[in-house]
Amino acid sequence: MKMQSWALSSWMFLKRTPTLVFAMAVLGIGLTTASGVMVRGIRNANDTITVTGASTERITSDYVDWSVKVSQSGASQQASYQGLQPAVEQTVAFLKAQGIEADEMELDSVKSEKQEVRDPRTGELRSTTWTSTQAVLIGSWNVAKIYRISGQIGQLIGKGVPLTINEPAYTYTKLAEKRVDMLAKATKDARARARAIASEAGAGIGAITNADTGSFQITSPNSTETSDSGSYDTRTIEKDITAVMAVTFRVE
């Protein structure tokens with residue numbers, strides 16, 4: 001009888017309750033129930049967790065590529081080439097005097113370009129200028145030496161040598177070995193993060209079910225630069241190398 005009385009009272013209450021309020025009440029009950037199912041599903045149905053781990057380390061470049069381009073212009077191809085040779089010889093002599101060894105330096109092939117100036121109205125040829133260029137290519141394991149010389153070669157411009165001075169490109173030749181080590185450390189970091197998250201739900205972390213290598217960044221020290229496809233800074237001798245891994249663990 002008490003049960004029937006309670007049911008009758010409840011029905012009378014619902015009849016007096018506005019339709020909107022009743023609908024909100026039902027919706028609230030539904031949300032509470034659904035939320036409970038989702039929480040339980042973390043342990044029962046969806047028993048994995050994916051975490052991103054990262055590892056960063058400072059490295060020092062061990063090789064450098066550098067080049068300077070000598071150019072000379074003249075009224076003819078022959079004249080530009082004849083003016084180019086003394087400038088190239090002066091450049092090579094300076095580099096040798098600064099400590100560049102013979103096996104660290106080579107001359108690129110000579111290139112010549114012709115530029116014609118014509119009257120814009122009649123098309124009549126007004127002048128012809130030939131420019132001959134030759135690059136001095138340098139590759140060295142002595143990174144510090146090239147860094148020093150690259151900052152001094154501008155002296156030749158002050159002496160009248162027409163140079164285009166390119167920026168040295170500093171690289172790290174043991175990158176393949178370092179990459180393996182960095183990815184291992186990033187995976188270890190991901191496991192530590194996964195454990196911290198799982199412990200909050202009273203769970204543990206098991207075996208790895210999937211691992212995806214993310215971007216591999218080599219940037220100048222303390223840089224915030226990132227790229228989805230990865231980056232490789234060659235401007236600085238010291239670099240920060242960062243490996244990222246997205247690792248999926250089984251939740252126990």
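Described below are features of the structure shown in this document. Sequence order as written defines the numbering, with residues in each chain counted from 1. With the structure being a predicted model, the display of local features is reserved for residues of pLDDT at least 70 and the display and counting of side-chain atom pairs for 80 or more, all residues being used for whole-chain, interface and lining totals. The side-chain values count all of the structure's non-hydrogen atoms but skip hydrogen atoms and water molecules.

### Some points on the environment of T226
Within the secondary structure, T226 sits in the loop between strand 8 (205-219) and strand 9 (231-232). Taking the C-alpha atoms as reference, T226 lies 10.0 Å from T242; in sequence the two are 16 residues apart. Going along the chain from the N terminus, every DSSP run of H or I of four or more residues is numbered as a helix, and every run of E of two or more is numbered as a strand.

### Here we look at the environment of E116
Within the element layout of this structure, E116 appears in strand 4 (residues 111-118). Relative accessibility decides the category of a residue: with a 1.4 Å probe and only protein chains considered, values under 20% of the type maximum give buried, values over 50% give exposed, and everything between is partly exposed. Owing to a relative accessible area of 36%, E116 belongs among the partly exposed residues under this scheme. Remark: the alpha-carbon pair of E116 and S127, spanning eleven residues in sequence, is separated by 5.9 Å. Contacts are assigned to residue pairs that have any heavy atoms within 4.5 Å of one another. Excluding residues within four positions of it along the chain, E116 makes contact with L125, S127 and T128. Here the side chain of E116 touches K114 through a polar contact of 3.5 Å, side chain to side chain. In protein, a polar contact means a hydrogen-donor-capable atom and an acceptor-capable atom, both N or O and within 3.5 Å, with residues adjacent in sequence counting only if both atoms are side-chain atoms; elsewhere, any N or O pair within 3.5 Å suffices.

### Structural notes on the packing of aromatic side chains
Aromatic contacts are taken between Phe, Tyr and Trp rings whose centres are within 6.5 Å, Trp giving its six-membered ring; a plane angle under 30 degrees counts as stacked, one over 60 as edge-to-face, and the others as tilted. Going through the model one piece at a time under the given rule, you end up with one aromatic pair. Look at Y63 and W141: their rings are 4.7 Å apart centre to centre, the planes differ by 70°, and that puts the pair in the edge-to-face class. Separated by 78 residues along the polypeptide, Y63 in strand 2 (residues 63-74) and W141 in the loop between strand 5 (125-140) and helix 4 (143-150) bring together distant segments of the chain. Lysine and arginine charges are scored as sitting over a ring when NZ or CZ, respectively, is within 6 Å of the ring centre and within 35 degrees of the ring normal. The ring of F216 carries the charged tip of R179 above its face, separated from the ring centre by 4.4 Å.

### Regarding the sheet that holds strand 8
Whether two strands pair comes down to DSSP finding at least two bridges between them. Strand order in this open sheet of four strands is 1-10-8-9, and the pairing throughout is mixed. Each having just a single partner strand, strand 1 (48-60) and strand 9 make up the two edges of the open sheet. Where strand 8 and strand 10 (residues 238-251) come together, ten bridges link them in antiparallel fashion. Across the sheet, the residue bridging to I218 is I241, located in strand 10. Note on method: axes are straight lines fitted to C-alpha atoms, helices fitted across the in-contact stretch only, with angles between N-to-C directions ranging 0 to 180 degrees. Here helix 6 (residues 175-200) sits on the sheet in contact with strand 1, strand 8, strand 9 and strand 10, set at roughly 140° to strand 1.

### Regarding the pattern of salt bridges
In the sections that follow, a salt bridge refers to a side-chain nitrogen of Lys or Arg positioned within 4 Å of a carboxyl oxygen of Asp or Glu. Applying the stated criterion to the full structure yields 15 salt bridges. The partner of E57 in a salt bridge is K185, and the shortest N-O contact between them spans 3.2 Å. You can see E57 sitting in strand 1 and its partner K185 sitting in helix 6, a full 128 residues away along the chain. For K185, a relative accessible area of 39% puts it in the partly exposed group. Between K185 and D181 there is a salt bridge whose closest N-O contact spans 3.3 Å. Note that K185 and D181 are positioned in helix 6 at a spacing of four residues, about one turn of the helix. When salt bridges with common partners are traced through the structure, they connect E57, K178, D181 and K185 into a single cluster.

### Some thoughts on the side chain of S140
Within the element layout of this structure, S140 appears in strand 5. Given a relative accessible area of 1%, S140 falls into the buried group. Of note is the side chain of S140, whose polar atom sits 2.9 Å from the backbone nitrogen of N142. Excluding its chain neighbours within four sequence positions, the residues that come into contact with S140 are Y63, V64, E104, K145 and I146.

### A word on the nonpolar core
Residues enter a nonpolar core if they are buried and are Ala, Val, Leu, Ile, Met, Phe, Trp, Tyr or Cys, with the set joined through side-chain atoms within 4.5 Å. One finds W66, L95, I100, M105, V136, I138 and I153 to be the most contacted residues of the largest nonpolar core, which totals 22 residues. Counting only elements with at least two residues in this core, the list comes to strand 2, helix 3 (77-97), strand 5 and helix 4. It is helix 3 that provides the largest number of residues to this core, a total of six residues. Leave out the neighbours within four places in its chain, and M105 touches V92, L95, K96, I100, V136, L137 and I138. If you look at the next biggest cluster of nonpolar residues, it comprises 21 residues, including I49, Y172, A186 and A243.

### So, helix 3
To estimate the expected span of a helix, count its residues, drop one, and scale the result by 1.5 Å. For helix 3, with 21 residues, the first-to-last C-alpha span of 31 Å sits near the 30 Å given by 1.5 Å per residue. Within helix 3, the full set of buried residues consists of S80, L84, A87, V88, T91, V92, F94 and L95. Here the buried face of helix 3 lies against strand 2, strand 3 (105-107), strand 5, helix 4, helix 5 (155-158) and strand 6 (163-165). Trailing helix 3 by a residue or two, G99 shows a phi angle of about 115°, which is positive.

Everything listed here is a matter of coordinates, which is why it stays silent on function.
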